[in-house]
Amino acid sequence: MRDSVVRIGLLLPEVLGTYGDTGNAQVLCQRLRWRGYEAEVVPAGLGEPVPSTVDLYLLGGGEDGAQALAAAHLRKHWRALSRGAVVFGVCAGLQVLGTRFRGLDGVDHDGLGLLDVTTEPGERRAVAELVATSSGLLPEPLTGFENHLGVSKLGADSEPLGQVVRGTGNGDGTEGAVTGRVVGTYLHGPALARNPALADLLLSWTAGHPLGPLEVPEVDRLRVERLAATRRRRTP
Ligand code: GLN
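Residues numbered from 1 in each chain as written. Predicted model: local features only at pLDDT ≥ 70, side-chain atom pairs only at ≥ 80, totals over all residues. Heavy atoms only, no water.

**Student:** Quick one: what's the story with the site of the ligand, residue by residue and with numbers?
**Tutor:** Neighbouring residues of the ligand: 15 residues in total, closest Asp 64, Cys 91, Asn 147, Leu 149 and Gly 150. Here an oxygen atom of the ligand sits 2.9 Å away from a polar atom, N or O, in the main chain of Leu 149. Here Gly 150 contributes a backbone N or O atom positioned 2.8 Å from an oxygen atom of the ligand. Among the secondary structure elements, those contributing two or more residues to the shell around the ligand are helix 2 (64–77), helix 3 (92–97) and strand 8 (142–154). Among the elements that line the shell around the ligand, the one with the most residues is strand 8, at four residues. (Near = heavy atom within 4 Å. Polar contact = N/O pair within 3.5 Å; in protein donor to acceptor, adjacent residues only side chain to side chain. Helix = DSSP H or I, 4+ residues; strand = E, 2+ residues; numbered from the N terminus.)

Structure below.
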């Protein structure tokens, strides 16, 4: 966080905002404000340059056509695409951060190559609550909902974010992908509202140091309620 105002870059909210993931920006801002930082959301739409002076980048989910448009735009305009930036992408955002994704029409699109992930359409759309254990980065399970057809395969340069307990995730029992400080996930919710530890992990990477804990009982209650709901749904 280079100066007094932390700037959260929200990339292409008009095409990658279909599933409510723009809420992740509000969550990060609010968690910073509760800790006494000033924070602002910096939306960057189609036709605008991607700002190079933000502290963290967010990409959300969207439909296939919108996703292809987003990938083409970002490949052209994200000049500051830096290996060191903290980046968080959800669903279409994850797929765009990968190296390549295939649409339903069979056409392959180049991604940004920040994650070692390729995506192809699966056989069935995954629409469900998704629960995953975190693979070491986080102290608690991940919760959210998923809504995607894409099946993602990780290469050697990305680690899964977690292992699926309920739902589909990447499609092979893993969920999401991490390379350095770039994270992709299939979790909507918004994911950072449902998973405060993940929000704080991204913020601590941005700050360069761990952030103090926050007590937010509403968020704790939401997590308990959503995790219990997935268990109930599975009970015959
Ligand atoms: N179009 C992509 C898929 O179905 C992404 C969907 C989404 O972002 N929720 O895999």
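**Student:** An account of the environment of Ala 68 is requested, with residue identities and associated values reported.
**Tutor:** Tracing the backbone through its elements, the reader meets Ala 68 in helix 2. Between the C-alpha atom of Ala 68 and that of Gly 103, which follows or precedes it by 35 residues, the distance is 8.3 Å. Among all residues touching Ala 68, those that are not within four sequence positions of it are Phe 101 and His 109. (Contact = heavy atoms within 4.5 Å.)

**Student:** Describe the UniProt feature "active site" (unreviewed entry) in the chain, and please don't skip the residues or the numbers.
**Tutor:** Per the UniProt record, "active site" (unreviewed entry) is annotated on Cys 91 and His 188. These annotated residues cover 98 residues of sequence, but their C-alpha atoms sit close together, with the largest distance between any two at 7.8 Å. Mapped onto the fold, Cys 91 is located in the loop between strand 4 (87–90) and helix 3. The class for Cys 91 is buried, based on a relative accessible area of 5%. Dropping the residues within four chain positions of it, Cys 91 is found in contact with Gly 61, Asn 147, His 148, Thr 185, Tyr 186 and His 188. Tracing the chain through its elements places His 188 in the loop between strand 12 (182–185) and helix 4 (191–194). (UniProt positions renumbered as here; feature names shortened; annotations may be inferred. Buried < 20%, exposed > 50% of the residue type's maximum accessible area, 1.4 Å probe, protein only.)

**Student:** Could you give an account of the pattern of salt bridges, naming the residues involved and the relevant values?
**Tutor:** Summed over all chains, the structure comprises 12 salt bridges. The shortest N-O distance in the salt bridge between Glu 40 and Arg 7 comes to 3.0 Å. Of this pair, Glu 40 sits in strand 2 (residues 38–44) while Arg 7 sits in strand 1 (residues 5–11); the two residues are 33 residues apart in sequence, bridging distant segments of the chain. With relative accessibility at 22%, the residue Arg 7 sits in the partly exposed group. Each of Arg 100, Arg 102, Asp 108 and Glu 120 takes part in salt bridges that share partners, so that together they form one network. (Salt bridge = Lys/Arg side-chain N within 4 Å of Asp/Glu carboxyl O.)

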